[in-house]
Amino acid sequence: MNVKEPAEEAAIQLRTERQRIEPEGEEQSEQPTDLRGLFPEEIAALLTPWGQPTFRGKQIFKWLQNRAVREVAEMTDLPQALRVRLGEAGWLKPLAPERHRVARDGTEKYLWRLADGELIESVLMPYRRAQTRDRVTVCLSTQAGCPLSCRFCATGRQGFRRNLTAAEIVGQVLDITHEKRKDDPDFKVTNLVFMGMGEPFLNYDNVRRAIGLFTHPEGQAIGQRRITVSTAGIVPGIDRFADEDWEVNLALSLHAADDKQRSEWMPVNDRFPLAQVLEACRRYWEKTRRRLSVEYALMAGVNDRLEDARRLASLFKGWPIHLNLIPVNAVAGIGVRRPEREPTERFLAELRRWGVDAVIREERGQDIEAACGQLRGAAKGEEEA
Ligand code: SF4
């Protein structure tokens, strides 16, 4: 078990609070300037030729990343002439809300239209708690569409359009925050999961930059340990992630316990077979000692037999993981059935019998097409009809 002493926990917490993820010199110049994708020092550098003092960088960063304003005109402590010039430059590109749905369980789904017309989705999941403060999680998209074509996924069936910029990734949280603060000025997103449309490790630099912006103390200041990045198994991405000096969590979308079945449902498995992915995940654990989360979508008659559970357990013998068992909901046009409660419970019991720390997680927002890519698919279908 990977249990840390309280002192060690405290030291990590302190390190986490102090630590910031700085820009790593990755190429931003190919992307059109968007102030929401820049760190304070980069905004300051952008405004230096305009004769602006360095502190403007931090001032504007706070308006954007902390107060989540969508208009330069709202930055009331900037000189009027600067506001006009910034407005004319067109460097602030908020996401255009296209659709918004609220489920019975409180889950909210946002469909955004980007500046070039692409559609992406984000999901807001509020969790009310009696004892501790509420958790407000946003599930983020990192690509418009996805090239990995997982068979059970609505996004995968819609093809790949392009990578999102860091500004478009952070924009999802900022624009949700802007909306929610109209009714609740104290609204704050507390947790992030990179599990929406797209494969984060195929857009690594922008995901990394977005995490730096999300965790920046002058911005949303979301704790690194409250962020989880989920991959379908891109091995070089897992290795790079393991080398990062941060406390961000890693999740693996596994969904099958052998190569044949996994390749059938997730073609990325042909490129990075199970053994390679698991080796990379194990390297990650050995290096970071942070427990890997594993997502397993349970599909009736596909991967829900007890022998699947035993094979699954055998993959993680000797190292700690946390496994989320997710009974899938039927997606229109995909021949996937949701398993009944009883076989799901039996599958869980078998995993636990073999020592796997596993829980059943229900998909949220079942009545609003909250699964990845469903709302975009519905909107596209209507546009094309
Ligand atoms: S499940 Fe994730 S990785 Fe697979 S196609 Fe859908 S968005 Fe891409």
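If you're wondering where the values come from, they're calculated on a predicted model, not measured in any experiment.

J.: Would you explain the overall build of the protein chain in this entry?
T.: Broken down by element type, the protein chain carries 14 helices and twelve strands. The contacts in the protein chain between residues at least 6 apart in sequence include a share of 68% that link residues at least 24 apart. Total accessible area on the protein chain stands at roughly 17,400 Å², and carbon and sulfur atoms take up 49% of it.

J.: Quick question: what am I supposed to make of the pattern of salt bridges here?
T.: Charged atoms that come close allow side chains of opposite charge to pair. Inspection of every chain in the model, using the stated rule, returns 28 salt bridges. Among the ionic pairs, E218 bridges to K58, the shortest N-O distance being 3.6 Å. Taken together, the residues span a long stretch of sequence, with E218 in the loop between α7 (204-215) and β8 (227-231) and K58 in helix α3 (residues 55-66) at a distance of 160 residues. Residue K58 is classed as partly exposed on the basis of its relative accessible area, which comes to 43%. Salt-bridge contacts for K287 lead to D243; the nearest nitrogen and oxygen are separated by 2.2 Å. Here the residue K287 occupies a position in helix α11 (residues 274-288), and D243 occupies one in helix α8 (residues 235-243), the gap between them amounting to 44 residues. Here K287 falls in the exposed class, since its relative accessible area comes to 54%. A relative accessible area of 52% places D243 in the exposed class. Through salt bridges with shared partners, one network takes in D258, R305, E307, D308 and R311.

J.: Just checking my understanding: could you explain the environment of D258 for this structure?
T.: Tracing the backbone through its elements, the reader meets D258 in the loop between β9 (249-253) and α9 (259-265). Separated by 45 residues in the primary sequence, D258 and N303 place their C-alpha atoms 9.9 Å from one another. The residues contacting D258, other than those within four sequence positions of it, are L274 and R311. Of note is the side chain of D258, whose polar atom sits 3.1 Å from the backbone nitrogen of K260.

J.: How should the site of the ligand be read in this particular structure?
T.: Taken together, the neighbourhood of the ligand is formed by eight residues, with C146, C150, C153, G156 and G198 sitting nearest. Of the residues belonging to the shell around the ligand, the class tally is five nonpolar, three polar and no charged.

J.: Looking at this structure, I do not really get the nonpolar core. What am I missing?
T.: Soluble globular proteins tend to bury their nonpolar side chains together. Counting 101 residues, the largest nonpolar core has F214, L323 and L351 as its most contacted members. In terms of residue count, the dominant contributor to this core is α11 (seven residues). Looking at which domains feed residues into this core, each of domain 1 (27-89) and domain 2 (96-384) supplies at least three. Among all residues touching F214, those that are not within four sequence positions of it are L140, I169, V170, V173, L192, F194, Q220, A221 and I222.

J.: Mind showing me how you'd approach the environment of A144 here?
T.: Note that A144 resides in strand β5 (residues 143-145). For the pair A144 and E121, spaced 23 residues apart in sequence, the C-alpha separation works out to 8.8 Å. Residue contacts for A144: discarding those within four places in its chain leaves E118, I120, F160, R161, R162 and L164.

J.: It is not clear to me how the UniProt feature "binding site: [4Fe-4S] cluster" in the protein chain should be interpreted in this structure. Could you clarify?
T.: Mapped onto the present numbering, the UniProt feature "binding site: [4Fe-4S] cluster" falls on C146, C150 and C153. With respect to the element layout, C150 can be found in the loop between β5 and α5 (154-157). Assessed through its relative accessible area of 12%, C150 is described here as buried. Not counting residues up to four positions away in its chain, the partners in contact with C150 are G156, W265, M266 and P267. Relative to the assigned elements, C153 resides in the loop between β5 and α5.

J.: I tried to follow the packing of α8 against α11 on my own but got confused; where do I start?
T.: The N-to-C vectors of α8 and α11 enclose an angle of 0 degrees; their axes lie 9 Å apart at closest approach. By the angle between their directions, the pair α8 and α11 is classed as roughly parallel. Seen from α8, the contacting residues are V235, I238, D239, F241, A242 and D243; seen from α11, they are Q276, V277, A280, C281, R283, Y284, K287 and T288. Grouping the constituent residues of the contact of α8 with α11 by class yields eight nonpolar, two polar and four charged.

J.: Got a minute to help me understand helix α13 (residues 341-353) in this structure?
T.: Residues three or four positions apart in an α-helix share a direction because the helix packs 3.6 residues into each turn. Its 13 residues give α13 an end-to-end C-alpha distance of 18 Å, which sits within 8% of 18 Å, the value for a rise of 1.5 Å per residue. Those residues of α13 that fall on the buried side of the exposure criterion are T344, F347, L348, E350 and L351. Buried residues of α13 fall within an arc of 160 degrees about the axis and therefore sit on the same side. Turned more than 90 degrees away from the buried face of α13, the exposed residues are E342 and R353. Along its buried surface, α13 packs onto β10 (292-298), α12 (306-315), β11 (321-327) and β12 (357-360). Just downstream of α13 lies G355, where phi reads positive at about 85 degrees.

J.: Can you walk me through helix α6 (residues 166-180) in this structure?
T.: With 15 residues, α6 should cover 21 Å at 1.5 Å per step; its first-to-last C-alpha distance of 22 Å lies within 8% of that length. At Q172, α6 shows its largest bend, some 30 degrees.

J.: What is the right way to read the UniProt feature "binding site: S-adenosyl-L-methionine" in the protein chain from this model?
T.: According to UniProt, the "binding site: S-adenosyl-L-methionine" feature falls on G198, E199, S230, S253, L254, H255 and N329. Within the fold, S253 resides in strand β9. Residue S253 is classed as buried on the basis of its relative accessible area of 15%. S253 has contacts with S230, T231, A232, R262, M266 and E295, leaving out every residue within four places of it along the chain. Within the local environment of S253, its side chain forms a polar contact with the side chain of S230, the two groups lying 3.3 Å apart. One can find H255 in the loop between β9 and α9.

Criteria and cut-off values
Counting starts from 1 at the beginning of each chain's written sequence and moves along it residue by residue. Thresholds applied to this predicted model are a pLDDT of at least 70 for local features of residues and 80 or more for the giving and counting of side-chain atom pairs; totals over whole chains, interfaces and linings are not thresholded and use all residues. By convention in this description, side-chain values take in all heavy atoms of the structure and omit both hydrogens and water. Secondary structure elements are defined from DSSP: runs of H or I of at least 4 residues count as helices, runs of E of at least 2 residues count as strands, and each element is numbered from the N terminus. Only heavy atoms enter the contact rule, under which two residues are in contact if any of them lie within 4.5 Å. All accessible areas in this document rest on Shrake-Rupley with a 1.4 Å probe, and a residue is counted as covered only by the protein chains that are shown. Each salt bridge in this description consists of a side-chain nitrogen of Lys or Arg and a carboxyl oxygen of Asp or Glu lying within 4 Å of one another. Exposure is judged per residue with a 1.4 Å probe applied to protein chains only, and the accessible area is read against the type maximum: over 50% gives exposed, under 20% gives buried, and values in between give partly exposed. N or O atoms closer than or at 3.5 Å make up a polar contact, with two conditions inside protein: a donor-capable atom paired with an acceptor-capable one, and, for residues adjacent in sequence, both atoms drawn from side chains. Any residue with at least one heavy atom within 4 Å of a molecule or strand is counted as near it. Polarity classes work like this: nonpolar for Ala, Val, Leu, Ile, Met, Phe, Trp, Tyr, Cys and Pro, charged for Asp, Glu, Lys and Arg, and polar for all others, with Gly in that last group. Definition of nonpolar core: a set of buried residues of the types Ala, Val, Leu, Ile, Met, Phe, Trp, Tyr and Cys, connected through side-chain atoms within 4.5 Å. Domain delimitation in this document rests on an assignment produced automatically or drawn from a domain database. UniProt positions are given in the numbering used here, feature names are shortened, and annotations may be inferred rather than shown by experiment. Axes, fitted as lines to C-alpha atoms, cover a helix only where it is in contact. Angles between the N-to-C directions of the axes lie from 0 to 180 degrees. Any angle that is under 35 degrees is reported as roughly parallel, and any over 145 degrees as roughly antiparallel; angles of 65 to 115 degrees are reported as roughly perpendicular and all others as oblique. Given a helix with a known number of residues, its expected span is that number minus one, times 1.5 Å. Arc definition: directions from the helix axis to the C-beta atoms. A residue's bend is simply the angle between two axes: one fitted to the seven residues ending at it, one to the seven starting at it.

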